[in-house]
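Next come the chains, spelled out residue by residue.
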Amino acid sequence: MVSQHDQQHTTSSSEGVQSTVRVRRVITARAGGQSTGRFHGLNLSLNVGDNPVTVTRNRERLAENLGLDLNRFVWMDQIEGPHVQVVEELSEEIAVGESRPAIPNVDALVTTCVDMPLVVLTADAVTVLLGDDEAGVIAAINASKWGVRAGILSHTLDKMRELGARIDCMHALLGPSATGRNYLVSASEARDIEAHIPHSTSQNKLGKWMLDLRSGITHYLLQAGIAGVNVDPRCTIEDHAFYSTIREGKTGRQAGIIWRSTT
């Protein structure tokens, strides 16, 4: 159901007692959920037409599998734009085991809080899970082609730096997404995207234009000076272990999750 990518560092309290804070990054797959029909599997989105009761059960199963409290998860109402939200410690009380309402009109979340999972939902767009583990600043980004074109990456990096993160201490995980070997775009769209996100497009042997947004995002982040980028090479269009709107049309969403954990 999930694949995990962990990094950790040790901090000292004022009493000299050391505690380990582990930054965990998780990518979910389609298997293991209760959704049926076109959403069959572990659909985690409430905004695609799936039964909300079933989606909530899928979310409960995810939280249980990760050993986390579901009402600490922070969700986004994503619009493929450039808007970033800094999440402070949650004050609104909700019932145990319920999903917290999604934050509206954002495509990236940033926090310094511990045991507060940030969630991005995708079905072909690039999940970017980004963190300065030493500074304790993490982010989850819905890197769609329109959001990246509009500046979601630079806006997120700016917010993280405002909270004390350093570019040269950041590491990113890019999740499964549509890849250049399968993602056809028009020549005009390729020119437009390449002008905003260099190294994102190429031509195949038939002269067709292909979009590989992960390549452009990786180039952008490394040029910005971050310490490293890990890329999950799987393609959502060809790999039926994942949801894909390009392959299926109306379908579910998998999740990328990042959190700072002391357990």
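See the structure printed just above.
Residues numbered from 1 in each chain as written. Predicted model: local features only at pLDDT ≥ 70, side-chain atom pairs only at ≥ 80, totals over all residues. Heavy atoms only, no water.

(A) Quick peek at the overall build of the chain. Helix and strand content of the chain: six helices and 15 strands. Within the span of the chain, comprising 263 residues, buried residues form 50% of the whole. For the chain, long-range pairs separated by at least 24 residues make up 67% of all intrachain contacts whose partners lie at least 6 apart in sequence. Here the chain displays about 11600 Å² of accessible surface, and carbon together with sulfur accounts for 47% of that area. (Helix = DSSP H or I, 4+ residues; strand = E, 2+ residues; numbered from the N terminus. Buried < 20%, exposed > 50% of the residue type's maximum accessible area, 1.4 Å probe, protein only. Contact = heavy atoms within 4.5 Å. Areas by Shrake-Rupley, 256 points an atom, 1.4 Å probe, with all protein chains shown as cover.)

(B) How the structure looks around the environment of Leu157. Examined against the element boundaries, Leu157 turns out to sit in helix α3 (residues 152-162). Separated by 69 residues in sequence, Leu157 and Ile226 place their C-alpha atoms 9.8 Å apart. In this structure Leu157 touches Leu130, Ile167, Met170, Tyr220, Leu221 and Ala224, once residues within four positions along its chain are discounted.

(C) Highlighting the packing of α3 against helix α5 (residues 213-224). As a packed pair, α3 and α5 sit with axes 11 Å apart at the nearest point and diverge in direction by 35°. Of the two elements, α3 crosses α5, and the hand of that crossing is right-handed. When α3 is examined against α5, the residues Leu153, Ser154 and Leu157 are found in contact with a partner set consisting of Ile217, Tyr220, Leu221 and Ala224. (Axes fitted to C-alpha atoms, helices over the stretch in contact; angles between N-to-C directions. Left-handed = near helix turned anticlockwise from the far one by under 90°.)

(D) The pairing of strand β7 (residues 118-122), seen in detail. Of all the five residues making up β7, five are buried; the element is thus mostly covered by neighbouring parts of the structure. Alternating positions in β7 separate into two faces, Leu118, Val120 and Thr122 on one and Val119 and Leu121 on the other, with burial throughout. Here β7 pairs with strand β15 (residues 254-261) via five bridges, running antiparallel. Note that in β15 the partner of Leu121 across the bridge is Ala255. (Pairing = 2+ DSSP bridges.)

(E) View of the environment of Ser45. In this structure, Ser45 sits in the loop between β2 (18-28) and α1 (52-66). Classification of Ser45 by relative accessible area gives buried; the value is 5%. Between the alpha carbons of Ser45 and Arg253 there is a distance of 5.7 Å; along the sequence they are 208 residues apart. Once residues lying within four places of it in the same chain are set aside, the contact partners of Ser45 are Asp50, Val55, Arg59, Leu121 and Arg253. In this structure the side chain of Ser45 is engaged in a polar contact, spanning 3.1 Å, whose partner is the backbone nitrogen of Asn47. (Polar contact = N/O pair within 3.5 Å; in protein donor to acceptor, adjacent residues only side chain to side chain.)

(F) Region of interest: the environment of Gly147. Locating Gly147 in the fold gives a position in helix α2 (residues 145-150). Remark: the alpha-carbon pair of Gly147 and Gln78, spanning 69 residues in sequence, is separated by 9.9 Å. Not counting the four nearest positions on each side in its chain, Gly147 is found in contact with Glu80, Gly81 and Ile152.

(G) Seen up close, the nonpolar core. Core analysis: the largest hydrophobic core is formed by 34 residues, its most contacted members being Val128, Leu130 and Ile217. Contributions of two or more residues to this core are made by β6 (108-111), β8 (126-132), β9 (137-143), α3, β10 (170-174), α4 (187-196) and α5. Once residues within four sequence positions are removed from consideration, Leu130 is found in contact with Arg25, Val137, Ile138, Ala139, Ile141, Leu157, Met160, Met170, His171, Ala172, Ile226 and Ile258. Formed by 16 residues, the second largest nonpolar core is a distinct cluster that contains Ile27, Leu109, Met116 and Leu129. (Core = buried A, V, L, I, M, F, W, Y, C linked by side-chain atoms within 4.5 Å.)

(H) Here's a closer look at the sheet that holds β6. Across the sheet, which stays open at both edges, the six strands sit in the order β4-β6-β9-β8-β10-β14 with mixed pairing between neighbours. In the strand order of this sheet, the two ends are held by β4 (84-86) and β14 (228-231), each with one partner. Adjacent strand axes in the sheet meet at a mean angle of 15° when their direction is disregarded. Summarising the sheet, β8 and β9 pair through seven bridges and their orientation is antiparallel. Following the sheet pairing, Leu129 is matched in β9 by Ala140. Here α3 sits on the sheet and contacts β4, β6, β8, β9 and β10; the angle it forms with β9, its principal contact strand, is near 170°.

Geometry only, nothing functional implied.
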